[in-house]
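Next come the chains, spelled out residue by residue.
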Amino acid sequence: MSPSGIHHLGVAVADLDEAVDSYRRMFGAELEERLTVPEGDLEVAMLRIGGDRIELLHSLDPETPVGRFLERRGPGMHHVAFEVDDVGAELDRLAAVGAELIDVEPRAGAFGHDIGFVHPGSAGGVLTELVARG
């Protein structure tokens with residue numbers, strides 16, 4: 001078992017409304033869904049560009065992971081998300097080959113998908129998310 005492809009690219013933004021508008025104007029992006037994730041203090045917008053997705057992330061609290069990312073690095077590329085059939089099985093497979101995991105069990109993510117994160121130190125400095133297909 002391994003990823004079947006890229007599910008989305010995550011981009012941290014300082015202003016979600018402005019970012020959604022910019023992606024619409026510049027790239028013809030269509031808003032697929034937008035929501036607030038209370039447990040993560042995030043506002044999230046999933047955009048569709050052709051057959052691909054960009055997830056825009058705006059922190060509502062500077063002490064969250066995305067808030068700290070924005071404080072340290074400013075707006076920009078936050079993570080790459082791979083689509084998998086079974087997040088738990090993929091986390092187990094990655095742990096068995098020595099990957100450092102942020103999540104050892106799947107958890108609920110935005111838009112109703114099971115997710116799990118792999119530490120950037122195990123993926124060439126890139127925060128990696130696993131997203132259940134669907």
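Notes on the structure follow. Since the structure is predicted, the reported quantities are computational estimates derived from the model, not experimental observations.

1. Thoughts on the overall build of the chain
Thinking step 1. Each helix and strand counted, the chain has three helices and eight strands in total.
Thinking step 2. Here the C-alpha atoms of the chain give a radius of gyration of 15 Å, agreeing with the 14 Å that 2.2 N^0.38 yields for 134 residues.
Thinking step 3. Over its C-alpha atoms, taken along the principal directions, the chain stretches across nearly 45 × 35 × 25 Å.
Thinking step 4. Looking at the chain as a whole, 43% of its 134 residues qualify as buried.
Thinking step 5. As displayed, the chain has an accessible area near 7200 Å², and 50% of this comes from carbon and sulfur atoms.

2. Quick notes on the sheet that holds strand 4 (residues 52-59)
Thinking step 1. Strand order in the open sheet formed by eight strands is 2-3-4-1-5-8-7-6, and the pairing between neighbours is mixed. With one partner strand each, in any of the chains shown, strand 2 (30-37) and strand 6 (107-108) form the two edges of the open sheet.
Thinking step 2. Pairing of strand 5 (residues 76-84) with strand 8 (residues 128-132), which is carried by five bridges, proceeds in the parallel orientation. Paired with Glu83 across the bridge in strand 8 is Val131.
Thinking step 3. Running over the sheet, helix 1 (residues 16-27) touches strand 1 (5-12), strand 2, strand 3 (42-49) and strand 4 and is turned about 5° from strand 3.

3. Structural notes on the nonpolar core
Thinking step 1. Counting residues in hydrophobic clusters, the biggest one holds 11 residues: Val11, Val13, Leu16, Ala19, Val20, Tyr23, Ala29, Ala45, Leu47, Ile54 and Leu56.
Thinking step 2. At the level of secondary structure, the elements contributing two or more residues to this core comprise helix 1, strand 3 and strand 4.
Thinking step 3. Looking at this core element by element, the count peaks at four residues for helix 1.
Thinking step 4. Not counting the four nearest positions on each side in its chain, Val20 is found in contact with Ala45, Leu47 and Leu56.
Thinking step 5. Within the second largest apolar cluster, 10 residues are counted, among which are Val44, Phe69, Leu70 and Phe111.

4. Observations regarding helix 2 (residues 65-73)
Counting along an α-helix, one turn takes 3.6 residues, and residues three or four places apart therefore face a common direction.
Thinking step 1. Listing the buried residues of helix 2 in full gives Val66, Gly67, Phe69 and Leu70. Along the long axis of helix 2, the arc covered by the buried residues comes to 160°, so they all point the same way. Across helix 2 from its buried face, at more than 90 degrees, point the exposed residues Pro65, Glu71 and Arg72.
Thinking step 2. For helix 2, the secondary structure elements touched by its buried residues are strand 1, strand 3, strand 4 and strand 5.
Thinking step 3. Just downstream of helix 2 lies Gly74, where phi reads positive at about 80°.

5. Focus on a negative patch on the surface
Thinking step 1. On the surface, a cluster of negative charge is contributed by Asp86, Asp92, Glu105 and Asp114.
Thinking step 2. On the secondary structure map, Asp92 appears in helix 3 (residues 87-96).

6. Let's talk about the side chain of Glu83
Thinking step 1. You can see Glu83 is positioned in strand 5.
Thinking step 2. Taking relative accessible area as the criterion, Glu83 reaches 18% and is therefore assigned buried.
Thinking step 3. Each residue touching Glu83, except ones within four places of it in the same chain, is listed here: Pro3, Ser4, Gly5, His7, Val131, Arg133 and Gly134.

7. Description of helix 3
Thinking step 1. Buried within helix 3 are the following residues: Val87, Gly88, Glu90, Leu91 and Leu94. One side of helix 3 holds all its buried residues, which, seen down the axis, span an arc of 165°. Facing away from the buried surface of helix 3 by more than 90 degrees, the exposed residues are Asp92 and Ala96.
Thinking step 2. Those residues of helix 3 hidden inside the fold are in contact with strand 5, strand 7 (114-118) and strand 8.
Thinking step 3. Looking one or two residues past helix 3, Gly98 carries a phi angle of roughly 95°, positive in sign.

Conventions we followed
- Residues numbered from 1 in each chain as written.
- Predicted model: local features only at pLDDT ≥ 70, side-chain atom pairs only at ≥ 80, totals over all residues.
- Heavy atoms only, no water.
- Helix = DSSP H or I, 4+ residues; strand = E, 2+ residues; numbered from the N terminus.
- Rg over C-alpha atoms; globule rule 2.2 N^0.38 Å.
- Buried < 20%, exposed > 50% of the residue type's maximum accessible area, 1.4 Å probe, protein only.
- Areas by Shrake-Rupley, 256 points an atom, 1.4 Å probe, with all protein chains shown as cover.
- Pairing = 2+ DSSP bridges.
- Contact = heavy atoms within 4.5 Å.
- Axes fitted to C-alpha atoms, helices over the stretch in contact; angles between N-to-C directions.
- Core = buried A, V, L, I, M, F, W, Y, C linked by side-chain atoms within 4.5 Å.
- Arc of directions from axis to C-beta.
- Patch = residues over 30% accessible without salt bridge, like charges linked within 9 Å, V, L, I, M, F, W, Y side chains within 5 Å.
- Salt bridge = Lys/Arg side-chain N within 4 Å of Asp/Glu carboxyl O.
- Lys, Arg positive; Asp, Glu negative; His and termini not counted.
- Charge placed at Lys NZ, Arg CZ, Asp CG, Glu CD.

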